[in-house]
Amino acid sequence: MRGGDPGSDKIVPAIIPITSKTGEVLGALRPVTKSEASDPALLELMTDWRNANKGFFLTQFHATPERTSRWLDEVIVSDATRAMYLVEDATGRAVGHVGAKSLGSACPELDNMIRGRPGGDPQLMFLAEVAVLGRLFADRSVRAVCLWVFSRNWIPIGIHQSIGFRQGRREKLFRIERGSEVHLVPGGPEGEPQKFDYLQMEIDRIAFEEYMAKFARDPNL
């Protein structure tokens, strides 16, 4: 469906159920719209999550609800090629979020995946990633989905690999301080070299379909 703002042509993504291997609904992926971008309680929550996880971002700063609101409104909600989903548990309580960008291309990208607080099934975030991938690959023009991760983040790398993501190219990271912000710049010509890289991972349609076939028949996967 289309966004509720007058003159908006952005297609608002539908709610995506998060299901277990047996088909039990464990939660949902709820798209962030303009109304969520102005919800004070949600902005506080997402700001806290961003600050708690700032070391996993290329741009590191102290977030505020006002800055979070501007980012959601100007970068996410207004861009037809991007989507952000709240990850909700079975009670409808938001416990994290996951984004996607480059929508409409042959290779969209997973982005901004955060488990903000405990709640719901222990595998909720893993299953949320599977659900987003399923929605992206429902577009038959999509040949693959990629993501970027710091090479030192071996736990998410292992999770991505268990679904079928393969490691791709690496880019050196360089640290640059700009006022109160820290920027980790891939392949930058200046700055302090880091001891870890920016790693691209990718899963193609065949690998995802093979994983989903195993997912359906193996309860221990």
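All of the points below concern the structure found in this document. (Residues numbered from 1 in each chain as written. Predicted model: local features only at pLDDT ≥ 70, side-chain atom pairs only at ≥ 80, totals over all residues. Heavy atoms only, no water.)

1. What to know about helix H4 (residues 154-163)
Of all the positions in H4, only Ile157, His160 and Ile163 are classed as buried. Considered in projection along H4, the buried side chains sweep an arc of 120° and stay on one side of the axis. Opposite the packed face of H4, turned more than 90 degrees from it, sit the exposed residues Trp154 and Ile155. As for H4, its buried residues are in contact with helix H3 (124-137), strand S7 (144-150), strand S8 (166-178), strand S10 (192-204) and helix H5 (205-217). (Buried < 20%, exposed > 50% of the residue type's maximum accessible area, 1.4 Å probe, protein only. Helix = DSSP H or I, 4+ residues; strand = E, 2+ residues; numbered from the N terminus. Arc of directions from axis to C-beta. Contact = heavy atoms within 4.5 Å.)

2. Quick look at the packing of H3 against H5
Each pair of packed helices gets described by two things: the angle between the helix axes and the distance between those axes. Between H3 and H5, the least distance of the axes is 11 Å, while the angle of their chain directions is 130°. On the basis of their axis angle, the class for H3 and H5 is oblique. Relative to H5, the crossing made by H3 is left-handed. Contacts between H3 and H5 pair Phe126, Leu127, Val130, Leu133, Gly134 and Phe137 from the former with Arg205, Phe208, Tyr211, Met212 and Phe215 from the latter. Here the contact of H3 with H5 is composed, by residue class, of nine nonpolar, one polar and one charged. (Axes fitted to C-alpha atoms, helices over the stretch in contact; angles between N-to-C directions. Parallel < 35°, antiparallel > 145°, perpendicular 65-115°, else oblique. Left-handed = near helix turned anticlockwise from the far one by under 90°. Nonpolar A, V, L, I, M, F, W, Y, C, P; charged D, E, K, R; others polar.)

3. Topic: the environment of Arg143
Assignment of secondary structure puts Arg143 in the loop between H3 and S7. The partly exposed category is assigned to Arg143, whose relative accessible area is 48%. For Arg143 and Ser105, which are 38 residues apart along the polypeptide, the C-alpha to C-alpha distance reads 9.1 Å. Excluding residues that lie within four positions of it along the chain, Arg143 makes contacts with Ala106, Cys107, Phe137, Glu202, Asp204 and Arg205.

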